[in-house]
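Okay, here's what each chain looks like letter by letter:
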Amino acid sequence: MNPPLLRTPLYDLHLELGARMVPFAGYDMPVQYSAGVMAEHLHTRAKAGLFDVSHMGQVRLCARSGLLADAARALEALVPADIVSLKPGRQRYALFTTADGGISDDLMVANMGDWLLLVVNAACKDADFAHVRDALGATCDVDMLADRALIAVQGPAAEAALAGLNPRAAGMRFMDVAELELAGVACIVSRSGYTGEDGFEIGMAAGGAVTVARALLAHPDVAPAGLGARDSLRLEAGLCLYGSDIDLTTTPVEAALEWSIQKSRRPGGARAGGYPGAAIVADQLADGTTRRRVGLRAHGRAPVRGGADLFADEAGTQPAGRVTSGAFGPSVGGPVAMGYVAADHATTGTPLFASVRGRLLPVTVTAMPFVAPTFRR
Amino acid sequence: MTVYYTKEHEWLRVEGNVAVVGITAHAANELGELVFAEARDPGTTVEQGDSVAVVESVKAASDIYAPVTGDVLAFNDVLTDDAALVNRDPEGEGWIVRMTIADAGQLEGLMDKATYTALVG
């Protein structure tokens, strides 16, 4: 028997807004509202969508010395990103790696001045928390911030919506993090997201979530958007979904995420290696990999979904890889997908064929993102 | 004009010995805006319950099951460029396939409108 589904602090608001709820990572979550996935996706790119992402894990990491530098150095034993040079009020994308170079989760790390805030995937949060506590607990306090909510507001109208509640939001740039009061609620706001749009992610104590969500939804350009639109938006933006596009079997280099390994952590850098699987990743940084995550555009209108096999030839005799996620991209106006292909097929423009219901459909390896990002850098 | 319904949320309209098949308004609403539709090739024989067509939303692909055994005659080609017609007029212009009815006796196992409406509430 499955345990009962958990509810986020916005559960009742979702029902009031006409959400269709589905189980996701142990939570009862809104997959869409009455507008539907297509409309919610397009509204987010045109105006702004409000997403409940309270199911994600928020972990506080604080060195017992009280020094941020000690927490940063400690975390670098688990992730290949440069945390030490992450400035106060800044956030960075990172990966938890495994001893064989795989990825056990992707996360955001924010420098909160004297502690680090880690935001991790819902399905991985218990394992991530145990991983960090077991590895760093001797020198750091590691706390799961369980009684908190997280709301994302994404799209070109997001800045106006937040600035209406606190003008300081408008002064933030991409990947800035600040403690701001919104609608009388103390929030941790980052200018970031998972849609390729400018936008904000807003954490607050669970008790303040409905107040903040209602204040943001009161802006005429903000409409609720569900997990369905979140998935098609992130796919158009070329962003990985943990468990589909990256997992324990994919390395950072295979996944084309080496941009998240800063120079200081690479061979020859000031703090090279030192994270799980570092030797394997270093070799792959130098020599490349036999497969690579790429974007794929289908020529017709038939969506190519995750799990579809890819071939180099129309007869389907030469395997080339596999699709890991795919959908119809509402803003692109056609099917978009990503997947892993053999290195010799990974060049942009390479024609391939995807097996869909027994037919081989032509696709082209395409640079990602599929839509131009609008981050305020 | 007799229309039958299935528990898989297809409808079937009998026109002589031909069946016009689509999905119900309830199903179209549940699936959300459709972005793609295609059917088995004309001439293909399908058994009752086999997949005769596929409709896709942004999120997912869904099979349309043959309500009866028969041969596929035609796909509604309008849907090739405008699959969302199924959402706008699911039980009219948004029909999906025309097929023969090999055994009219199978119709007796399908639901009438009142029974289907009671099923979906």
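Criteria and thresholds
Every residue gets a number counted from 1 within its own chain, in the order that chain's sequence is written. Naming scheme: in the order in which they are written, chains are lettered from A and ligands are numbered from 1. pLDDT decides what is reported in this predicted model: residues at 70 or higher carry local features, side-chain atom pairs at 80 or more are listed and counted, and totals for whole chains, interfaces and linings draw on all residues regardless. The side-chain figures draw on all heavy atoms in the structure; neither hydrogens nor water molecules are used. Numbered from the N terminus, helices here are DSSP runs of H or I no shorter than four residues, and strands are runs of E no shorter than two. Using C-alpha atoms as the atom set, the radius of gyration is obtained and then compared with a globule rule of 2.2 Å times the number of residues to the power 0.38. Note on exposure labels: buried denotes an accessible area under 20% of the residue type's maximum, exposed denotes more than 50%, and partly exposed covers the range between, all computed with a 1.4 Å probe on protein chains only. By definition in these notes, contact holds between two residues if any of their heavy atoms fall within 4.5 Å. Residues scored as charged are limited to Lys and Arg (positive) and Asp and Glu (negative), so that His and the chain ends carry no count. Positions of charges follow a simple convention, taking NZ of Lys, CZ of Arg, CG of Asp or CD of Glu. Orientation is described by axes fitted as lines to C-alpha atoms, over the contacting stretch for helices, and by angles from 0 to 180 degrees between their N-to-C directions. Note on angle classes: values under 35 degrees are labelled roughly parallel, values over 145 roughly antiparallel, values of 65 to 115 roughly perpendicular, and the remainder oblique. Crossing handedness is read from the near helix: turned anticlockwise from the far helix by less than a right angle, it gives a left-handed crossing, and turned clockwise, a right-handed one. UniProt positions are given in the numbering used here, feature names are shortened, and annotations may be inferred rather than shown by experiment. Polar contacts, as used here, are pairs of N or O atoms within 3.5 Å; protein pairs need one atom able to donate a hydrogen and one able to accept it. Residues neighboring in sequence count only if both atoms are side-chain atoms.

## With respect to the overall build of chain B
Thought 1: Regarding its fold elements, chain B presents four helices and nine strands.
Thought 2: Shown N-terminal to C-terminal, the secondary structure of chain B runs as helices and strands in the order β-β-β-α-β-β-β-β-β-α-α-β-α.
Thought 3: A compact globule built from 121 residues should have a C-alpha radius of gyration of about 14 Å, and chain B, at 13 Å, falls within 12% of that.
Thought 4: Its C-alpha atoms give chain B principal-axis dimensions of about 35 × 35 × 20 Å.
Thought 5: Relative to its 121 residues, chain B shows a buried fraction of 47%.
Thought 6: Considering only contacts in chain B between residues 6 or more positions apart, those separated by 24 or more positions represent 56%.
Thought 7: Taking the 7 positively charged and 21 negatively charged side chains of chain B as two groups, their mean positions are separated by 3 Å.

## Observations concerning the packing of helix α2 (residues 37-46) of chain A against helix α7 (residues 227-236) of chain A
Residues and elements named next belong to chain A.
Thought 1: Running from N to C, α2 and α7 point in directions that differ by 55 degrees, and their axes come no closer than 8 Å. When the axes of α2 and α7 are compared, the pair comes out oblique. For the crossing formed where α2 meets α7, the hand is right-handed. Across the interface between the two elements, Val37, Glu40, His41, Thr44 and Arg45 from α2 touch Gly228, Ala229, Ser232, Leu233 and Glu236 from α7.

## A closer look at the UniProt feature "domain: Lipoyl-binding" (unreviewed entry) in chain B
Thought 1: Within this numbering scheme, the UniProt entry marks residues 18-100 of chain B as carrying the feature "domain: Lipoyl-binding" (unreviewed entry).
Thought 2: Helix makes up 18% of residues 18-100 of chain B and strand 43%, whereas the separation of the span's terminal C-alpha atoms amounts to 5 Å.

## Thoughts on the UniProt feature "binding site: substrate" (unreviewed entry) in chain A
All names here are of chain A.
Thought 1: Listed under "binding site: substrate" (unreviewed entry) in the UniProt record, and renumbered for this structure, are Glu201.
Thought 2: Topologically, glutamate 201 is positioned in strand β12 (residues 199-205).
Thought 3: A residue is classified by how much of its surface remains accessible, and glutamate 201, at 13% relative accessible area, is buried.
Thought 4: Those residues in contact with glutamate 201 that sit more than four places away from it in its chain are Gln91, Ile151, Ala152, Gln154, Ile188, Val189, Ser190, Ser192 and Gly193.
Thought 5: A polar atom in the side chain of glutamate 201 sits 2.5 Å from the side chain of serine 192.

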